[in-house]
Amino acid sequence: MRIIIGGDVFLGGEAEQHALERPSKIWHSSIKSVFKKADLRIVNLESPLTDYSRKLSKTGPNLKARKETIDCLTELNIDLVTLANNHILDYGKKGLEDTMSTCLDNNIDYVGADINLELAKKTYYKTIGDKRIAVVNFAENEWASATEDGAGAHPMDLIDNINQIKQASQNSDHVLVIVHGGHEHYHYPSPRILKQYRFYAENGASAVVAHHPHCVSGYEVHRNVPIFYSIGNLFFSDNTDFEGWYEGILVSLTFGGSINWEIIPYRQCSNNSFLVEALTPQESDEFIKTKIHSLNKVIANSDELRSKWDDFVMSQLSNRSLLLAGKTNIFYLILNKLGLSSLFLKKSYLRLLLNLVRCEAHRDLSIDILNTQLKDT
């Protein structure tokens, strides 16, 4: 049984017209041949497919693509889309319902989102030959998380997710855990992510695959379980100077008596194109040796990984401190550019804020208070 997993797919924005008119031209033959060989083909659908125009009130951009862009997925014979991500509710319940119905109308199953939490958290099961595979899909909590009576994505909750993985392992031969989470434009797992994903492996996951950072990370094997910390964008056009945006890896998993895997590097939407093309064998070998192996080396060394994380924290320090302190007007943005913003951040307030987000009990209360206030506006 061979499964192919691809990363984030966004068919809207500047690429939408191309996706509508030339869906077969998005995928190079080198990519189509990889998917053709698989028994189960999975990608992350990073936006709703809808014509609905009412946006969800949130921070960050609202993404969507036309329903007809689904033809790009049928070109690859996609069997399953993961919907647990931070954009799937960008156009509300209606946008999600349109997405689910569009997928089903095109013989594509979905997992990881639905009209309420009970349905969103359902495990996907598929029998291939004499093996039964389970797919568990969830995402970090942003604006898309489902609730008991509200549509959205299956949210990350360590206890609930572990219980689901354990149950799925009892009802299947193999459990594939697909997570949407991590830090954007950062090539490594944070220390918390490393610990958490390893915990999935320790509690029944046969393999763990993650996306969301919009770049490739490394992988490791923990207790005989492969963990891929980020596989990058599969198709996501954007104008950015961040080179990691334009490269990714497909993960090919083969489940038999043991688990074998292969990574297939590719370039996507580079040089103002709307094309996903596998690297040549020579380019692929070089990519794996120079990039993936170096990432893996850091992941395997806790001191190096902590050092990378500390550097990343420092790179985000000024901007994030201003956001946390509510200092987002032009005056503070100018101060930040000049390196003077820290002079206007009161330590006493930052200590209080730290305790409100660090302490579990305080965080529980803070989240529900903010949710209640936003419902009233």
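Our subject in this report is the structure included herewith.

1. Observations concerning the packing of helix 6 (residues 158-170) against helix 7 (residues 191-202)
- In contact at an axis separation of 9 Å, helix 6 and helix 7 are set at 30° when each is read in the N-to-C sense. By the angle class used here, helix 6 and helix 7 are roughly parallel. Taken as a pair, helix 6 and helix 7 cross one another with a handedness that is right-handed. Counted together, Leu 158, Ile 162 and Ile 165 of helix 6 and Gln 196, Phe 199 and Tyr 200 of helix 7 form the full contact between these two elements.
- Tallied by class, the residues present in the contact of helix 6 with helix 7 amount to five nonpolar, one polar and no charged.

2. What about the pattern of salt bridges?
- Per the stated rule, a full pass over the model turns up 15 salt bridges.
- Put simply, Lys 32 and Glu 75 hold a salt bridge, and the shortest N to O gap is 3.8 Å. Here Lys 32, found in helix 2 (residues 29-36), pairs with Glu 75, found in the loop between helix 3 (71-74) and strand 3 (80-82); they are 43 residues apart in sequence, far enough to count as distant.
- For Lys 32, a relative accessible area of 27% translates into the label partly exposed.
- A relative accessible area of 32% means that Glu 75 is categorised as partly exposed.
- When salt bridges with common partners are traced through the structure, they connect Asp 51, Arg 66 and Glu 68 into a single cluster.

3. Thoughts on the side chain of His 18
- Topologically, His 18 is positioned in helix 1 (residues 16-21).
- Residue class for His 18 comes out buried when judged on its relative accessible area of 13%.
- Apart from residues no more than four positions distant in its own chain, His 18 is found in contact with Pro 23, Lys 25, Ile 26 and Phe 274.

4. Re helix 8 (residues 281-299)
- For helix 8, spanning 19 residues, the distance from its first C-alpha to its last is 25 Å, which sits close to the expected 27 Å at 1.5 Å a residue.
- At Ile 288, helix 8 shows its largest kink, close to 35°.
- Within helix 8 the residues assigned to the buried category are Ser 284, Phe 287, Ile 288, Ile 292, Leu 295, Asn 296, Val 298 and Ile 299.

5. Side note on the pairing of strand 11 (residues 219-222)
- The pairing of strand 11 with strand 12 (residues 225-228) spans four bridges and is antiparallel. Paired with Tyr 219 across the bridge in strand 12 is Phe 228.
- The turn joining strand 11 and strand 12, which pair antiparallel and follow one another in sequence, is formed by two residues; a positive phi near 55° is taken by Arg 223.

6. Concerning the packing of aromatic side chains
- Throughout the structure, instances matching the rule amount to 12 aromatic pairs.
- When the centroid spacing of 5.5 Å and the interplanar angle of 75° are considered together, the rings of Phe 138 and Tyr 200 count as edge-to-face. Pair noted here: Phe 138 is in strand 7 (residues 131-139) and Tyr 200 is in helix 7, with a separation of 62 residues, a long-range link. Summarising the burial analysis for this pair, Phe 138 and Tyr 200 share the class buried.
- Taken together, a centroid distance of 4.2 Å and an interplanar angle of 25° make the contact between Tyr 186 and Phe 312 stacked. With a gap of 126 residues between them, Tyr 186 in the loop between strand 9 (174-180) and helix 7 and Phe 312 in helix 9 (residues 302-324) connect regions that are remote in the sequence.

Cut-off values and rules
Residues numbered from 1 in each chain as written. Predicted model: local features only at pLDDT ≥ 70, side-chain atom pairs only at ≥ 80, totals over all residues. Heavy atoms only, no water. Axes fitted to C-alpha atoms, helices over the stretch in contact; angles between N-to-C directions. Helix = DSSP H or I, 4+ residues; strand = E, 2+ residues; numbered from the N terminus. Parallel < 35°, antiparallel > 145°, perpendicular 65-115°, else oblique. Left-handed = near helix turned anticlockwise from the far one by under 90°. Contact = heavy atoms within 4.5 Å. Nonpolar A, V, L, I, M, F, W, Y, C, P; charged D, E, K, R; others polar. Salt bridge = Lys/Arg side-chain N within 4 Å of Asp/Glu carboxyl O. Buried < 20%, exposed > 50% of the residue type's maximum accessible area, 1.4 Å probe, protein only. Expected span 1.5 Å × (residues − 1). Bend = angle between axes of the 7 residues up to and from the residue. Pairing = 2+ DSSP bridges. Phe/Tyr/Trp six-rings, centres within 6.5 Å; stacked < 30°, edge-to-face > 60°.

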